[in-house]
Amino acid sequence: MLVAGVDVGSVATKVVIIKNDTFYYRAAPTGWSPREAGAKVFKELLSDLGYVEEQVDFVVGTGYGRVSLGFANKAVTEITCHARGAAYLVPGGSMVIDIGGQDSKAIKIDNQGQVLDFAMNDKCAAGTGRFLQVIAATLGNEVSELSELAAGKSPLALNSMCAVFAESEVIGLLASGHDKGEIVAGLHQSIARRIASMVGRLGSSGRVTFTGGVARNESLRRCLEDVLGAEVIVPQMCQMAGALGAALIAQGYCSQRNIL
Ligand code: ADP
């Protein structure tokens, strides 16, 4: 059985292929065309593995660009796919926090990775990868450097969470001589508090699985642990959780079809 999950995100397109219970994956920037990015990353990974599209039994598309994937057999929401992927990557977790380029979500799950409830912010940039990218650019750094900058620093209290106002506040703080690391630590704390309020709306949480590209930020992970008072685990394939969930769902559809 050869199945695939394609997660076309606002920033990155991720593909997971499952062949005989082995996972293969690849990610690349989405760019301006979600449709093209999805098809390109899917075909590239298939070709690396020595397969062609016609050999794939079932494809599930997810992410904000899922509806534009003409080659997918089914489109499934990100919430369902992230929950399923995260539950597979970290068995026993009861809450998933996903922070991607354009949104952040908290998903309460059962031990099979089924969604019990969720809360989502996709209305403003605050608390998303985009927000951190804007701040990193303002500081003259890469987003991947924010974690180290903030490590061990005391967070500076910040007033603005709106991406636009936060940018001007950061410029002002830099101009008045404040330490970059303390500013970033303060931003991480505001993001963690915002996420904690989403988690709080879903009731208390046990172990938390942190996914999405932003989960690579170790200082933010620690900050979330402090604010939530719970263990926060980042799986190695954190950015692939949605695509992995989609591929696992594709596997389920395929087995069902073979039985019928
Ligand atoms: P989407 O599904 O919306 O495309 P992803 O889950 O793929 O989002 O995550 C993309 C985001 O991950 C980008 O906004 C980027 O800022 C962030 N990111 C990628 N690498 C890192 C890193 N090393 N540290 C912090 N953030 C990162």
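Structure report, in brief. This structure is a prediction, so every number in the text was calculated from the model and none was measured.

1. With respect to the site of the ligand
With respect to spatial proximity, 19 residues lie near the ligand, and among them S10, V11, A12, K14 and Q239 are the closest. The contact in question runs from an oxygen atom of the ligand to an N or O atom on the backbone of G213, over 2.9 Å. Of all the secondary structure elements, the ones that give two or more residues to the shell around the ligand are β2 (12–19) and α3 (129–139). The element best represented in the shell around the ligand is α3, accounting for 3 residues. Here the residues of the shell around the ligand are counted per class, giving 4 nonpolar, 12 polar and 3 charged.

2. Some thoughts on the pattern of salt bridges
Summed over all chains, the structure comprises 13 salt bridges. D48 is the partner of R26 in a salt bridge, and the nearest nitrogen-oxygen pair spans 2.2 Å. On the criterion of sequence distance, the pair formed by R26 in strand β3 (residues 22–29) and D48 in helix α1 (residues 34–49) is long-range, its members being 22 residues apart. Close ionic contact of D179 with K153 constitutes a salt bridge, the shortest N to O distance being 3.2 Å. Within this pair, whereas D179 is found in the loop between α5 (163–175) and α6 (180–201), its partner K153 is found in the loop between α4 (146–150) and α5, the two being separated by 26 residues in sequence. Residue D179 is classed as partly exposed on the basis of its relative accessible area of 31%. Using a relative accessible area of 35% as the deciding quantity, one classes K153 as partly exposed.

3. Description of the sheet that holds strand β9 (residues 208–211)
Pairing in this open sheet of 5 strands is mixed, and the strands run β8-β7-β6-β9-β10 from one edge to the other. Each edge of the sheet is formed by a strand with only one pairing partner; in this case those strands are β8 (115–121) and β10 (232–233). In terms of strand pairing, strand β6 (residues 95–99) meets strand β7 (residues 104–109) through 5 bridges, oriented antiparallel. In the strand pairing of β7, I97 is matched with A106. Of the strands in this sheet, β6, β7, β8 and β9 are in contact with helix α2 (residues 78–89), which crosses β7 at around 60°.

4. Considering the packing of α6 against helix α7 (residues 218–228)
Across the interface, α6 lies against α7 with an axial gap of 9 Å and an inter-helix angle of 50°. The orientation of α6 relative to α7 falls into the category oblique. Seen along the crossing, α6 lies across α7 with a hand that is right-handed. Contact with α6, carried on its side by H188, Q189, I191, A192, R193, I195, A196 and V199, involves S219, L220, C223, L224, V227 and L228 of α7 and no other residues of that element. Tallied by class, residues from the contact of α6 with α7 come to 10 nonpolar, 3 polar and 1 charged.

5. Things to note about the sheet that holds strand β4 (residues 58–62)
One open sheet holds the 5 strands; their spatial order is β3-β2-β1-β4-β5, and the pairing between them is mixed. Edge strands, defined here as strands with exactly one partner in the open sheet, are β3 and β5 (74–75). Bridge analysis of β2 against β3 gives 8 bridges, and the strand direction is antiparallel. Opposite I17, over in β3, you have Y24 as the bridge partner.

6. Let's talk about the side chain of N141
By the secondary structure assignment, N141 is in the loop between α3 and α4. What makes N141 buried here is its relative accessible area of 17%. One polar contact links N141 to E145, side chain to side chain, over a distance of 2.9 Å. Setting aside anything within four residues of it in sequence, one finds N141 in contact with A136, L149 and K180.

Scoring rules and cut-offs
Residues numbered from 1 in each chain as written. Predicted model: local features only at pLDDT ≥ 70, side-chain atom pairs only at ≥ 80, totals over all residues. Heavy atoms only, no water. Near = heavy atom within 4 Å. Polar contact = N/O pair within 3.5 Å; in protein donor to acceptor, adjacent residues only side chain to side chain. Helix = DSSP H or I, 4+ residues; strand = E, 2+ residues; numbered from the N terminus. Nonpolar A, V, L, I, M, F, W, Y, C, P; charged D, E, K, R; others polar. Salt bridge = Lys/Arg side-chain N within 4 Å of Asp/Glu carboxyl O. Buried < 20%, exposed > 50% of the residue type's maximum accessible area, 1.4 Å probe, protein only. Pairing = 2+ DSSP bridges. Contact = heavy atoms within 4.5 Å. Axes fitted to C-alpha atoms, helices over the stretch in contact; angles between N-to-C directions. Parallel < 35°, antiparallel > 145°, perpendicular 65-115°, else oblique. Left-handed = near helix turned anticlockwise from the far one by under 90°.

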